[in-house]
Amino acid sequence: MISSTIRIAFRARPPHFLRLVPVGRNRKISHSIALQYPTNTLTSSQARDDTALVETEKVKPGHAVISTFDLFSIGVGPSSSHTVGPMRAGKIFIADLQELQVLEKWRHHTPQAVLLGLEGSDPETIDTGTISSRYEAILANRILHLGGIRRITFDMDRDMLWRWDQVLKTHPNGMRFSCFGEEGELLATNEYYSVGGGFVVNEKTKIDENLFYKGVDKSAVHGARLHQTHNAIEGDQTPAQPAADDPGHPPYPFESGNSLLALTRKHNLTIAQIVHDNERYFGLSEADINDKLMRIWAVMDDCIRSGVSTAEKTLPGRLGLRRRAPMLYKRLMRGFYPGIATPDLQLIGSASTPSVAAIDAPESDIQSSPYANGSDGRGGVRASGKNTHAPWVTGSFDHAILPMPPRKTMIPAVDFLSCYAIAVNEVNASGGRIVTSPTNGAAGVIPAVLKYIIEFISDDPEKSIKTFLLTAAAVGMLFKRGSTISAAEGGCQAEVGVACSMASAGFAACMGASPETVLQAAEIGIEHNLGLTCDPIDGLVQVPCIERNSLGAVKAVTAAQLSMASTGVYRVTLDEAIEAMRLTAADMSVKYKETSLSTTVKIPLTVPAC
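Remember, it's a predicted structure, so these values are computed and weren't measured experimentally.

1. Concerning the overall build of the protein
- Secondary structure summary: the protein contains 19 helices and 9 strands in total.
- By the burial criterion, 54% of the 610 residues in the protein qualify as buried.
- Accessible surface, the protein: about 26500 Å² in total, of which carbon and sulfur atoms supply 53%.

2. Some details on the packing of helix α10 (residues 286-309) against helix α12 (residues 412-429)
- Running from N to C, α10 and α12 point in directions that differ by 90°, and their axes come no closer than 8 Å. When the axes of α10 and α12 are compared, the pair comes out roughly perpendicular. Residue-level contacts link Cys-303, Ile-304, Ser-306, Gly-307 and Val-308 of α10 to Cys-419, Tyr-420, Ala-423, Val-424 and Val-427 of α12.

3. What to know about the side chain of Glu-489
- Locating Glu-489 in the fold gives a position in helix α15 (residues 487-490).
- For Glu-489, a relative accessible area of 12% translates into the label buried.

4. Some details on empty space enclosed by the protein
- Considering only enclosed or pocket space, the largest cavity measures out at about 180 Å³ in volume.
- The wall of the largest cavity is formed by 21 residues, among which Gly-441, Glu-495, Cys-534, Val-541 and Cys-545 lie closest to the centre.
- Mapped onto the lining of the largest cavity, the elements with two or more residues apiece are α2 (80-99) and α18 (545-565).
- The residue makeup of the lining of the largest cavity, split by class, is 11 nonpolar, 6 polar and 4 charged.

5. So, the packing of aromatic side chains
- Per the counting criterion, the structure on display carries 5 aromatic pairs.
- On the basis of an interplanar angle of 45° and a centroid distance of 5.9 Å, the ring pair of Phe-416 and Tyr-420 is categorised as tilted. Remark: Tyr-420 and Phe-416 occur in helix α12; sequence separation between them is 4 residues, near one turn of the helix. Each member of the pair, Phe-416 as well as Tyr-420, is classed as buried.
- One aromatic cluster in this structure is built from Phe-416, Tyr-420, Tyr-452 and Phe-456.

6. Examining the environment of Ala-442
- Tracing the chain through its elements places Ala-442 in the loop between β9 (433-436) and α13 (445-456).
- Counting along the chain gives 99 residues from Ala-442 to Val-541, while the straight-line C-alpha distance between them is 9.6 Å.
- Apart from the residues within four sequence positions on either side, Ala-442 is in contact with Ser-437, Glu-495, Val-496, Ala-499 and Asn-549.

7. Considering the nonpolar core
- Counting residues in each nonpolar core, the largest one holds 101 residues, and the members touching the most others are Phe-72, Phe-254, Val-449, Leu-469 and Phe-479.
- Ranked by residues supplied to this core, first place goes to helix α14 (residues 461-482) with 11 residues.
- If we ignore the near neighbours within four places in the chain, the residues touching Phe-479 are Thr-484, Ile-485, Val-498, Ser-501, Ile-526, Leu-574, Ile-578 and Met-581.
- One finds Tyr-135, Leu-146, Met-175 and Tyr-192 within the second-largest nonpolar core, a separate group that totals 27 residues.

8. Structural notes on α12
- With 18 residues, α12 should reach 26 Å at 1.5 Å per residue; the first-to-last C-alpha distance of 25 Å fits that figure.
- When you tally the buried positions in α12, you get 14 out of 18 residues, the bulk of the element.
- Phi turns positive one or two residues past the end of α12, at Gly-431, with a value near 80°.

9. A closer look at the pattern of salt bridges
- This structure, assessed with the given rule, holds 12 salt bridges.
- The salt bridge partner of Arg-142 is Asp-155, with a shortest N-O separation of 3.4 Å. Residue Arg-142 is found in the loop between α5 (131-141) and β3 (143-146), and its partner Asp-155 is found in the loop between β4 (150-153) and α6 (156-159); the two are separated by 13 residues along the sequence.
- In this structure Arg-142 comes out as partly exposed when scored by relative accessible area, which is 47%.
- For the salt bridge of Arg-324 with Glu-547, the shortest nitrogen-to-oxygen distance reads 3.0 Å.

10. Examining the confidence of the model for the protein
- When pLDDT is averaged across the protein, the result is 76; 68% of the residues are at 70 or more.
- Model confidence for the protein, summarised as mean pLDDT per element, is weakest for helix α3 (residues 102-105) at 50 and strongest for helix α16 (residues 496-510) at 98.
- Note on residues 12-51: pLDDT under 50 across the span, and 96 contacts to partners over four residues away in sequence or across chains.
- Overall, residues 600-610 carries pLDDT values under 50, and its contacts beyond four positions in sequence, including any with other chains, amount to 36 contacts.

11. Thoughts on unusual backbone geometry
- Between Ser-437 and Pro-438 the backbone carries a cis peptide bond, its omega angle lying at -5°.
- Within the secondary structure, Pro-438 is located in the loop between β9 and α13.
- The residue after Val-543, namely Pro-544, is reached through a cis peptide bond having omega 5°.
- One non-glycine residue, Asn-268, adopts positive backbone phi at about 55°.
- Along the chain, Asn-268 falls in the loop between α8 (257-267) and α9 (271-281).

12. Things to note about the environment of Gly-482
- If you trace the backbone, Gly-482 turns up in helix α14.
- By relative accessible area, which is 6% here, Gly-482 ends up buried.
- Separated by 227 residues in the primary sequence, Gly-482 and Glu-255 have C-alpha atoms spaced 8.2 Å apart.

Procedures and definitions
Residues numbered from 1 in each chain as written. Predicted model: local features only at pLDDT ≥ 70, side-chain atom pairs only at ≥ 80, totals over all residues. Heavy atoms only, no water. Helix = DSSP H or I, 4+ residues; strand = E, 2+ residues; numbered from the N terminus. Buried < 20%, exposed > 50% of the residue type's maximum accessible area, 1.4 Å probe, protein only. Areas by Shrake-Rupley, 256 points an atom, 1.4 Å probe, with all protein chains shown as cover. Axes fitted to C-alpha atoms, helices over the stretch in contact; angles between N-to-C directions. Parallel < 35°, antiparallel > 145°, perpendicular 65-115°, else oblique. Contact = heavy atoms within 4.5 Å. 1 Å grid on protein atoms, 1.4 Å probe; cavity = no way out; pocket = protein on both sides within 12 Å on 5 of 7 lines; lining within 4 Å. Points joined across faces, edges and corners; volume = space filled by probe spheres on them. Nonpolar A, V, L, I, M, F, W, Y, C, P; charged D, E, K, R; others polar. Phe/Tyr/Trp six-rings, centres within 6.5 Å; stacked < 30°, edge-to-face > 60°. Core = buried A, V, L, I, M, F, W, Y, C linked by side-chain atoms within 4.5 Å. Expected span 1.5 Å × (residues − 1). Salt bridge = Lys/Arg side-chain N within 4 Å of Asp/Glu carboxyl O. pLDDT = per-residue confidence, 0-100.

See below:
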């Protein structure tokens, strides 16, 4: 074992630090340099016709196209910015050290993520069941296995520094990694920024969002992703140069919803088809694209299944929050996963219909009443053989306004969407396997809506999965370029708001809506999330995050339904809504941007306790 040291310093935005965000042509958009911000040319005062849509004749600096599989990536919970990104950053630093041959010479689970990343683990493949034990072993033994091949001493108190008094200039979620030799000499250092959705950038490569860093091993990444320069200007360094016969951009580059619509009309393609053909440019075959999309859905679906079937009662963390997905799924009394819901379901029929056993309510729902002995007050018992009791009514019966008796109703779409979304986010909150869609904090919206389509609407699930994910990805690209998908920059409107918009577009596309209607659904989805703050209690991705995903899923379907019911009747375009979100984010107080500074429990988001 060598005595070299790895030291990590986190720069967190201080409570009263105010960041000036200049607005205009030279503003840094989504952490990239852009000469021009292409505003929407199809405004409310213009006629909505083909002549108003202008296709990008040449590739302008700042096109929005990235790979769908960068936007949707498999990782672990609870946070894409504070878990997935730091783990990738740690692994990237180790890969860079190996490339320099340095190793040969010598809350949000953020600490766990960084250390396991330094040990060579990847968010997509790490065994989530081993995270806690491996982290505890590092703390107890003070040993870190760099890249899994080199053992060094690591003192958590000495080598992982939390600098609340400093903030790195590029992004609030900043990390500095430094490697020291046996004599304490500095061997290598680098700064990384986790900018949301698991994307990791640094100063040298921020011009193109460092997209290939999601692959970590740059030698294994297709060249088309390495030489993308979305917002490069003259003099900027680029990771690689395109081949002589390579146009240097995907076949259908778009930088706004307006240009995307123009492409669909000019080439008679759907939004999903546009995105699919762009993926081919990144070196993927038809089979590759299909396999990757189905893999993403498989992880989403398994996440829902895990969430509704778990035997765990509470979520980790000081809040001790009770899990609700298993209870909600049981109450729905219709299981799509064999063995989870009871096989004996309550039947609806006449009084003479033979009765079957009903699903018992959770113990906490059984309230004390005058008939606590099980009698219903008339000597009746439940058909299952268990005694019934009269409901407990709150209110006076000696009043002009009589109290309402307790009752329950089912609105299937709302109930299933809520259950699915909550299931995903409870898995995320417990550090389980998750798909950033587009972030971990908003990971429940898109799977919930897609699951509902598959179970209740679609007659061709595979086609629906591909159409939904590719369409949603296009909308996510527009937000990533034109505004942000990081709560540290834009509050929860940048996470749940964007996810709601993406899901709205995907739902409308699966209903066969036109591209214009699809983007209008996306606009409605984000318009009614503008100003949504990110203020998690105790810094945990639990309250209000879990319920907010549930409401985001319901709102997404409502937005899509509204857009399809009123085609062409709108005053605000998606591009205008994205710009409004950008300006809202710039004006939003720092305490509402993923800091937990406005709650009664004033604990910054990145404290190790979470």
